[in-house]
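Residue-level structural notes
In case you want the letters, here they are:
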Amino acid sequence: MNLLRGFALLVLQFRALLKKNLLLSWRNKRATFLQLFSSLFFIFLIFCIEKATDAQNSNTTEYEVVRDPKPLVAPAIPPCEDKFFVKLPCFDFVWSGNESQTIDRIVRAIRENNPGRPIPETKVKSFRTTGEVDEFLSNNQMHVPGALHFAEVNASVISYGLQTNSTPLAKRGQFEDPTLKFQIPLQIAAEREIARSLIGDANFRWTVELKEFAHPAMQTLSTIALVGPTFFLAIAMFSFVFQIGSLVSEKELKLRQAMTMMGLLDSAYWLSWLTWEGIMTVLSSLFIVLFGMMFQFDFFLNNSFSILFLVFFLFELNMVGFAFMLSPFVSKSTSATTIGFSIYIVGFFTQIVTASGFPYSDNFSQALQNVWSLFPPNLLAQALRLLSDATSTPEDIGVSWSRRTKCAPNDDECVITINDIYIWLVATFLVWMVLAIYFDNIIPNASGVRKSIFYFLRPGYWTGKGGKVREGGICSCIGSAPPLEHITPDDEDVLEEESLVKKQTTEVAVDRNVAVQMRGLSKTYPGSRKIGACCKCKKTSPYHAVKGLWVNFAKDQLFCLLGPNGAGKTTAINCLTGITPVTSGDALIYGYSVRSSVGMSNIRRIIGVCPQFDILWNALSGQEHLELFASIRGLPPATIKSVVQKSLAEVKLTEAAKVRTGSYSGGMRRRLSVAAALLGDPKLVILDEPTTGMDPITRRHVWDIIENAKKGRAIVLTTHSMEEADVLSDRIGIMAKGRLRCIGNSIRLKSRFGTGFIANVSFTGGNNGLSPPNGDAVATTYQHESVKQFFKNHLDVVPKEENRSFLTFVIPHDRENLLTKFFTELQEREEEFGIADIQLGLTTLEEVFLNIARQAELESAAAEGRVVTLTTTSGASVQIPIGARFVGIPGTESAENPRGVMVEVYWDQDDTGALCISGHSAEIPLPPNVQPMASLAATTRNSLRRRGPVHGIVISPDENFTPSS
Ligand SMILES: Nc1ncnc2c1ncn2[C@@H]1O[C@H](COP(=O)(O)OP(=O)(O)OP(=O)(O)O)[C@@H](O)[C@H]1O
């Protein structure tokens, strides 16, 4: 199939990824709703705050323009309850001089003539002297707002003094003015009644008017300038958190890595995210301005629509760029909220500082202003400040598009205009995007692979011919790996394969039948030293995961790579798909080298990969996944629909095509991954454990798919199912500890590495007349025993399994030459033994696998000198090397056993494949053909001299070695 290339591929991938983003947003409605409409909630909050502030300011004219101040005529003494923080019971005022009847009359008149509110007698308290008043006031704080002190000097002179609590008190943001509120009304009342008393005219009056100055409105920050930066930052933080979360989860779930394996272009990836976030940002900013206008804020009504829209759009876009830049540093999508919250808190404080005038004034250096402007929330705070200053009074006309480059006429300290803020937002956005791409390349990806710090300086990066990758974090100190020794394979088939590949590498022409050729492919994961938690230095040593593979995978064949966990299968596959760089050696896929980036980009066009993990977005359906992957692979758009339908039918997912994969079963997910690997007719298909988690029926169905897919292409399969390997593979290679241990077809492996043949003898179950006539059960036992004896006499084997209807024997390979005669004779006596059927087969692949794995484990334990403690029947504890079969026990020489004793140790493998002791024989005397213990000990003297536990002595059996039991 002709796949698209170049610009056409870029456009196709871009459209498919954009559609994916749209679908993900559409299906994650809650998050999308918050991104778009959270502004309504926050603007409503600003509206409420503004209304509350207006209500609070309603009894003061400070925030209004007062041109013609209203007079306060003859103000009355207010009730004491009006005082802030009054304590009950309270008095409207207290007075001294109560020995004089004239003063008493004057005070009564003050009470009765108080304008609009005669003061009851109980609300006033009298004292004789000022000293008594002071004592009362100091003992009864906050019970009285003011005091009058009268003294009747003579018949025509009355003096008086006035005392008030002059501490200005604040309540709910308002200050109480004791002079205007209490002192002057009390003074006016006292003077009025003294005058009336002295001139003897109860109707004597004058008019006192109190008036404030005409004044402009007090310059304060509007509610939007005060709380807007925090609230609008919060709106942007929703997009910020979702953005980082989406980018990181694609990385975390290895979705991006999987798409890269399919040929995803980085440019298409970044462009699709940028375009999608751009669209969301346009809508979100538009809604902010429209909601602001809906709530009739002067800020939104008087400033130009385009000015406002651009401020919010560029700020939110800038935050998107900021999120892109930070995402490579985040490895868990769950950390996105923590990062968002941290940035919000920092932004909250820097915005408060910005709103207070720092550093955008002449008092601060340009350098400081530049550094401050690198953090987007600060630019937003300054923009809102400028725009709210421009609309602080109804007379202000706001900032129009033409005035965006100018400062407000009354702003003498202006050092930055709205236009400057636009330029800063655009410039820093571009910086974030460049840094995002740079960090994305140099920070290790999910597979720990990255480019060098100066990768962009290499011409190869720009021409597409270079781009060497490295491993480990940029700050981690990578330990040097010891060079990998070449070990000549023990196995003749592996050696032969190695020689063949080596010979082919010297030839100019590549063998046309070879799809993949591994030429000494090795992979060493570098060790690293990192500063971990609590400043502890964490050190990991280099690990040789694949130790030189020399192997060919033929075209039109399925090569199955088997091996225990950690054998290096996935690593070898990852080297082929370019996920992890090769340490040494090379691999050619249809002639293209995995070590060259040009080769790799060609390889990606001809391989299909089903990784060990499922590459799925839970919110997308099976069909949407395949359409996306088909586009990434570059299938012509006109064919995508039909190819996808065919693919879905092949893996029996047509009915579930439109169901989201989040509700797929494990087997359905694996099937979809297999279908994705086969899209676009790849020449090499790599299937890493494709049938994991499938039920037997589905597994067989997938086997059919794989079997059909073999035609015209090479398939590499890894699996832990021996049955699968047996059924599907043309050739099998078993790996262990990073090396290929054996290679060949299933029969060859079984015959070479299995324990031998399996003979199944089933019985008729009836009495054939030759056996004793006392019942069926006795007859069956008799027949079984006869057959067992027959096997024992001729082949020296006992049954491995037995029940009423069959016996199973394992016949070792060394009896192979006896088999023909033996089975001819057995068939002749079938009737006599009551045999219904005899089946002979090779041992299972599983047995081969276990033998190879055990052998590899033994080798590695011996190489690493690992030991375990063995406790013998007599209670002796000795340290023995892992895997040692015959072990002499030092110090057991006695009169009875002058040569000492030994045991045979039985080994098994635990769940992780490690060898563990499963049992041991009784202690037996050292056979005569083995050196005596004393001389054995002499050869291993060093070990015996060591302090600590006793070390057993390994006895290597020679050909005549026969331990007597
Ligand atoms: N990025 C890595 N850094 C260090 N060691 C690694 C890394 N990836 C894998 N390894 C180690 O390399 C060895 C081989 O791992 P690999 O995944 O290739 O094994 P496998 O044969 O595919 O096993 P399985 O059957 O469990 O998938 C393992 O011991 C593993 O711990």
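Here goes a summary of the coordinates provided. (Residues numbered from 1 in each chain as written. Predicted model: local features only at pLDDT ≥ 70, side-chain atom pairs only at ≥ 80, totals over all residues.)

Considering the nonpolar core
One recurring pattern in soluble globular proteins is that nonpolar side chains are buried together. By size, the foremost hydrophobic cluster in this structure holds 101 residues, and its most contacted members are Val516, Ala587, Ile589 and Val716. Per-element tally for this core: the top contributor is helix α21 (residues 666-678), with 7 residues. Residues in contact with Ile589, not counting those within four places in the same chain, are Ala515, Val516, Leu576, Val594, Ile603, Ile607 and Leu684. Core analysis: the next-biggest nonpolar cluster, separate from the first, contains 63 residues, Ile46, Ile244, Ile307 and Ala383 among them. (Core = buried A, V, L, I, M, F, W, Y, C linked by C-beta atoms within 7 Å. Buried ≥ 20, exposed ≤ 12 C-beta atoms within 10 Å, placed from the backbone. Helix = DSSP H or I, 4+ residues; strand = E, 2+ residues; numbered from the N terminus. Contact = placed C-beta atoms within 7 Å.)

Some remarks on the packing of helix α10 (residues 305-326) against helix α14 (residues 418-442)
Between α10 and α14, the least distance of the axes is 8 Å, while the angle of their chain directions is 20°. Between α10 and α14, the interaxial angle falls into the category roughly parallel. In the crossing of α10 with α14, the sense of the turn from one axis to the other is left-handed. Note on element contacts: α14 touches α10 through Ile418, Tyr422, Leu425, Val426, Thr428, Phe429, Trp432, Met433, Leu435, Ala436 and Phe439, opposite Ile307, Leu310, Leu314, Phe315, Leu317, Asn318, Gly321, Phe322, Phe324 and Met325. Here the residues of the contact of α10 with α14 sort into 18 nonpolar, 3 polar and no charged. (Axes fitted to C-alpha atoms, helices over the stretch in contact; angles between N-to-C directions. Parallel < 35°, antiparallel > 145°, perpendicular 65-115°, else oblique. Left-handed = near helix turned anticlockwise from the far one by under 90°. Nonpolar A, V, L, I, M, F, W, Y, C, P; charged D, E, K, R; others polar.)

Quick word on the environment of Phe364
Looking at the secondary structure, you find Phe364 in the loop between α11 (335-355) and α12 (366-372). Not counting chain neighbours up to four residues away, the residues in contact with Phe364 comprise Phe358, Pro359 and Gln369.

Focus: the packing of helix α13 (residues 376-389) against α14
It is the contact of α13 with α14, at a shortest axis distance of 10 Å, that shows an interaxial angle of 160°. One finds that α13 runs roughly antiparallel with respect to α14. Every pair of crossing elements has a handedness; the one defined by α13 and α14 is left-handed. Contacts between α13 and α14 pair Pro376, Leu379, Gln382, Ala383 and Leu386 from the former with Ile418, Ile421, Trp424, Leu425 and Thr428 from the latter. Residue composition of the contact of α13 with α14, grouped by class: 8 nonpolar, 2 polar and no charged.

A word on unusual backbone geometry
Along the chain, Leu88 connects to Pro89 via a cis peptide bond; the corresponding omega equals -5°. Mapped onto the elements of the fold, Pro89 is located in the loop between β1 (72-73) and β2 (93-96). Residue Pro359 is bonded to the preceding Phe358 through a cis peptide linkage, with omega at -10°. Note on placement: Pro359 falls in the loop between α11 and α12. Despite not being glycine, Met142 shows a phi value in the positive range, around 65°. If you trace the backbone, Met142 turns up in the loop between α4 (130-139) and β4 (146-154). Judged by the 17 C-beta atoms lying within 10 Å of it, Met142 is partly exposed.

Quick look at the sheet that holds strand β22 (residues 731-736)
Sheet architecture is open: 6 strands sit in the order β19-β20-β21-β16-β22-β23, paired in mixed fashion. The sheet is open, and its two edges are formed by β19 (607-610) and β23 (739-744), each paired on a single side. Each strand axis lies, on average, 15° off the axis of its neighbour in the sheet, ignoring direction. Pairing between β22 and β23: 5 bridges, direction antiparallel. Along β23, the bridge assignment pairs Gly733 with Ile743. Relative to the sheet, helix α24 (residues 746-753) contacts β22 and β23, its axis offset from that of β23 by approximately 110°. (Pairing = 2+ DSSP bridges.)

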